[in-house]
Amino acid sequence: MSMRRVLGLRWALGRRSCCSKSPLPPDFVEDLRAVVGAPNVSTAMAVRQQHGHDESMHVCAPPDAVVWPHAVGQVQELAALCYRYRVPMVPFGTGTGLEGGVNAVQGGVCFDLSRMDAIAELSLEDFSVSVEPGVTRKALNSYLRGTGLWFPVDPGADASLCGMAATGASGTNAVRYGTMRPNVLNLRVVLPDGRLLHTAGAGRQPRKRAAGYDLTSLFVGSEGTLGFLTQATLRLHPLPEASAAAATAFPTVQAAVNCTVQVLQAAVPVARIEFLDEVMAGACSSFSSVELPVAPTLLLELHSSRHGLAEQQQQTEEIVQLNGGSSLTWAEDLGERERLWAMRHCAWYAALALRPGCQGYCTDVCVPISRLPDVVVETKRDLQDSGLTGPMVGHVGDGNFHCILIFDTQDADEAQRVHAFTERLGRRALAAGGTCTGEHGVGLGKRALLLEELGQEGLDTLRCIKAALDPHNLMNPGKVL
Amino acid sequence: MAPLKVLVGVKRVIDFAVKVRVAPGGQGVQEQGVKHSLNPFCEIALEEAVRLREKGDAAEVVVASVGTRQSQEVLRTALALGADRAVLVEVPPGGPALGPREVAAALSRLVARESPHLVLLGKQAIDDDCNQTGQLLAAALDWAQGTFVSRLALEAGAVRVQRELDGGLETLRLRLPAVLSADLRLNQPRYASLPSIMKAKKKPLELLPLPELLGCPPAPPRLRVLRLEEPPGRQGGQRVENVAALLERLAAAGRI
């Protein structure tokens, strides 16, 4: 077995054999064709492989067939069909996840929902809109151009919004606007047996509700293990009147992280505050040809009215200066700001470019702000002691940071050191009262840490809920639990 | 340098993200219920004009469009993006589509009325891709023209423009008044914020029927659309087992 496959299984900590597969029942593909039409079903190897992996390094696990439903009714029929024959089902949006969420480790049918791309029920007075899985966040914001509204959750990739709801995505703007969870008002879910569920009731989008258990929140972050999110009603926000962004370099990692904590404690309503360690700053700089000194860096963005912006800029400058940060040159022009954030969003590719030919693995711990400086500094030391290439980048405003570990998967020793490092990091975050995954989800790789994080009671409760909604474990089996 | 008056021409087009379909009858495309927006290149032209005013180089930005009453939407958007005043040269709905010739004729009459120092247009509309209105207008007015502008700087009584051409970049100095058409890399347009959208509702938007502006009935169009067709659907590829089978298929299809 190749080293990559061993690592893939190891990461899953193979409790039950998550990779057991049964072949599709005879004539099953014909039944699929009967529902959506032959052009919308494929068993071609290239198509299946394309749908068997995301942007993570988890080994590709192709499904047995891929289908493209065009309407929620078709999703329901296909789900009922798979349910009847006990065939696993894997939802697919844009395949831009980072935890192997779409890998069909038990085979089955991949539901590529990207052809369902309607934007409906846009209400400019209610600040809400409903989108189907084929709508990506950039497509929505482009659609909203001219309305004065936007959807601020920005995980970097141009991901499907329903996919973002499924993974509970976050991103650079979360410190000010929140993650997906508070910004999803309603979900139209197709349950594993084909029944249709509106988590807040059909056609409803009140800004707040206290009616029954919060099903919307249950399905957000369920990573395709409880049902298909075929439509999400989203909370929109007004575009800021004025914005400014800047980068500032610090003498030490500690100084940069301390500055972040102080900015937040001064109640500056910063829109984005991102940390790059010196390795990441260097990598991003050369990859994107934006000039950044090779030093621990903070990237900040402020959103406000014209007058409020000046006040926030002044407050921020004072705190940065206090912590030894370099002087801030504010970029207010949209083009300049976009270039700065595009550079940040290329962090993954910039890191990979440090060691061509290697694979990347991204950690995702999130700790309380008060513990952030300790955890970051200790992690940095651990990286250096382990001799690993792991540029650090993160949404420090949320206490969330990523180590992008670049390593040669063929080098067993290095792979082992990476694995050990990520375990230590996960446990360090848990010991600090945090979580092993702030935004990427559990997927294939973090299931063991989930037990440590939630405890047996927590995990048992999750299993009860899963068993209640998906008694035959057909929805994206092998993930999360 | 005295602050200038800038006239920006904009067009309401089907949004770039829409999958356009031929309308039944094959004479046009489906427009009913389809999302329309401000032509992206017109937005870039408008952004440049607003930046000139913010810098103090321009005193007033007037935005104009030639179209049916529905074009009011894009004019309101333009006002929200920073224009001071809007004029809709209105044509009745259901008439023949207006092309660059008709639009340039209307704009030249509007220029005579407004006396701007600078006219900014988008280089082309994303529905017809004509790339003619700016050029026709400059010729009608006998003004200097700078098309495909990717950089713009005002000087005393002149404007220095950088043009993006197939062979490279060309820099010209044009005496004012001039007609310029904006290319993609001129700037990145701002987004309208809610407060500016609210303020725009109070800005003046004048409705001016085309015959009134021209002083006579408009000339009939010289182009008639005969037929619109979608391109033929993609045929599936076919796999063959070996070279002999490939040759057989090609021969049978008359290709060899």
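Sequence order as written defines residue numbering, which begins from 1 separately in each chain. Chain letters start at A and ligand numbers start at 1, both assigned in the order the entries are written. Residues qualify for local features only when their pLDDT is at least 70, as the model is predicted, and side-chain atom pairs are given and counted only at 80 or more; totals for whole chains, interfaces and linings, by contrast, use all residues. The side-chain quantities take in all heavy atoms of the structure and omit both hydrogens and water.

Novice: What is the right way to look at helix α15 (residues 372-386) of chain A in this model?
Specialist: Structural remark: α-helix, 3.6 residues per turn; residues separated by three or four positions point the same way. Each helix corresponds to a stretch of at least 4 residues labelled H or I by DSSP, and each strand to a stretch of at least 2 residues labelled E; elements are numbered beginning at the N terminus. Helix span, as expected, comes to 1.5 Å for every residue beyond the first. The end-to-end C-alpha distance of α15(A), which contains 15 residues, comes to 21 Å, matching closely the 21 Å that a straight helix rising 1.5 Å per residue would cover. Turning to α15(A), its buried residues number three or more, namely L372(A), P373(A), V375(A), V376(A), T379(A), K380(A), D382(A), L383(A) and S386(A). Using a 1.4 Å probe on the protein chains alone, a residue whose accessible area is under 20% of its type maximum counts as buried, one over 50% counts as exposed, and one in between counts as partly exposed.

Novice: Would you explain the UniProt feature "domain: FAD-binding PCMH-type" (unreviewed entry) in chain A in this entry?
Specialist: UniProt positions are given in the numbering used here, feature names are shortened, and annotations may be inferred rather than shown by experiment. On the UniProt side, "domain: FAD-binding PCMH-type" (unreviewed entry) is annotated at positions that read residues 59-239 of chain A here. The distance from the first to the last C-alpha atom of residues 59-239 of chain A is 40 Å, and the span holds 22% helix and 23% strand.

Novice: Looking at this structure, how should I read the interface of chain B and chain A?
Specialist: Many structure descriptions define interface size as the accessible area lost when the parts assemble. Throughout, a contact is declared for two residues whenever any of their heavy atoms are within 4.5 Å. Counting residues at the interface gives 15 residues for chain B, matched by 18 residues for chain A. By buried area we mean the combined loss of accessible area, with a 1.4 Å probe, across both parts when two parts are placed together. Of the roughly 1,400 Å² buried between chain B and chain A, counting both surfaces, carbon and sulfur atoms make up 54%. A per-residue breakdown of the area chain B buries against chain A is headed by Q188(B), Y191(B) and L194(B), which together make up 43% of the total. Here, a salt bridge means any side-chain nitrogen of Lys or Arg that lies within 4 Å of a carboxyl oxygen of Asp or Glu. At the junction of chain B with chain A, the criterion picks out three salt bridges. In protein, a polar contact means a hydrogen-donor-capable atom and an acceptor-capable atom, both N or O and within 3.5 Å, with residues adjacent in sequence counting only if both atoms are side-chain atoms; elsewhere, any N or O pair within 3.5 Å suffices. Applying the counting criterion to the chain B and chain A interface returns six residue pairs in polar contact (both at pLDDT 80 or more). Put simply, the parts of the chain that give the side of chain B that touches chain A at least two residues each are α1 (40-55) and α5 (194-200) of chain B. If one sorts the elements of the side of chain B that touches chain A by residue count, α5(B) sits on top with three residues.

Novice: Teacher, can you tell me more about the state of the cysteines here?
Specialist: Chemically, a disulfide is nothing more than a covalent bond linking the sulfur atoms of two cysteines. Residues and elements named next belong to chain A. Note on disulfides: each one is a pair of cysteine sulfur atoms within 2.5 Å. Following the criterion strictly, the structure yields zero disulfides over all chains and no others. Just so you know, C82 is unpaired, no disulfide at all, and the nearest cysteine sulfur is the one on C110, 11 Å from it. Note on C82: relative accessible area 0%, which makes it buried.

Novice: Is there a simple way to think about the domain arrangement of chain A in this case?
Specialist: Residue and element names in this part refer to chain A. In this document the domain limits rely on a domain assignment from an automatic tool or a database. Its domain assignment divides chain A into domain 1 (28-112), domain 2 (119-238) and domain 3 (242-432). Computed from C-alpha atoms alone, the centre-to-centre distance between domain 2 and domain 3 is 27 Å. Counting each side, the surface lost to burial between domain 2 and domain 3 is near 960 Å², with a carbon and sulfur contribution of 51%. A per-residue breakdown of the area domain 2 buries against domain 3 is headed by T172, V175 and R176, which together make up 60% of the total. Connecting domain 2 to domain 3 are one salt bridge. At the boundary of domain 2 with domain 3, the tally comes to eight residue pairs in polar contact (both at pLDDT 80 or more). No other element matches helix α7 (residues 174-177), which puts four residues into the side of domain 2 that touches domain 3.

Novice: Would you mind going over the confidence of the model for chain B with me for this structure?
Specialist: The share of residues in chain B with pLDDT of 70 or more is 100%, and the mean pLDDT across the chain is 94. Among the prediction metrics, the complex's ipTM stands at 0.85, with pTM recorded as 0.89. pLDDT runs from 0 to 100 and stands for how confident the predictor is about each residue.

Novice: Sorry if this is basic, but what is going on with the packing of aromatic side chains here?
Specialist: For any pair of aromatic rings, the description rests on two quantities: the centre-to-centre distance and the angle between the ring planes. Residue and element names in this part refer to chain A. Aromatic contacts are taken between Phe, Tyr and Trp rings whose centres are within 6.5 Å, Trp giving its six-membered ring; a plane angle under 30 degrees counts as stacked, one over 60 as edge-to-face, and the others as tilted. Evaluated as defined, the whole model comprises three aromatic pairs over all chains. Their ring planes at 35° and their centres at 4.3 Å tell us that F111 and F228 sit as a pair that is tilted. Note that F111 is positioned in strand β4 (residues 109-112) and F228 in strand β10 (residues 228-235), a separation of 117 residues in sequence. In this analysis the charged atom, NZ for Lys or CZ for Arg, is taken to sit over a ring once it is within 6 Å of the ring centre and within 35 degrees of the ring normal. Taking the ring centre of Y83 as reference, the NZ or CZ of R86 above it sits at 5.4 Å. If you follow R272 out to its NZ or CZ, it ends over the ring of W341, 4.7 Å from the centre.

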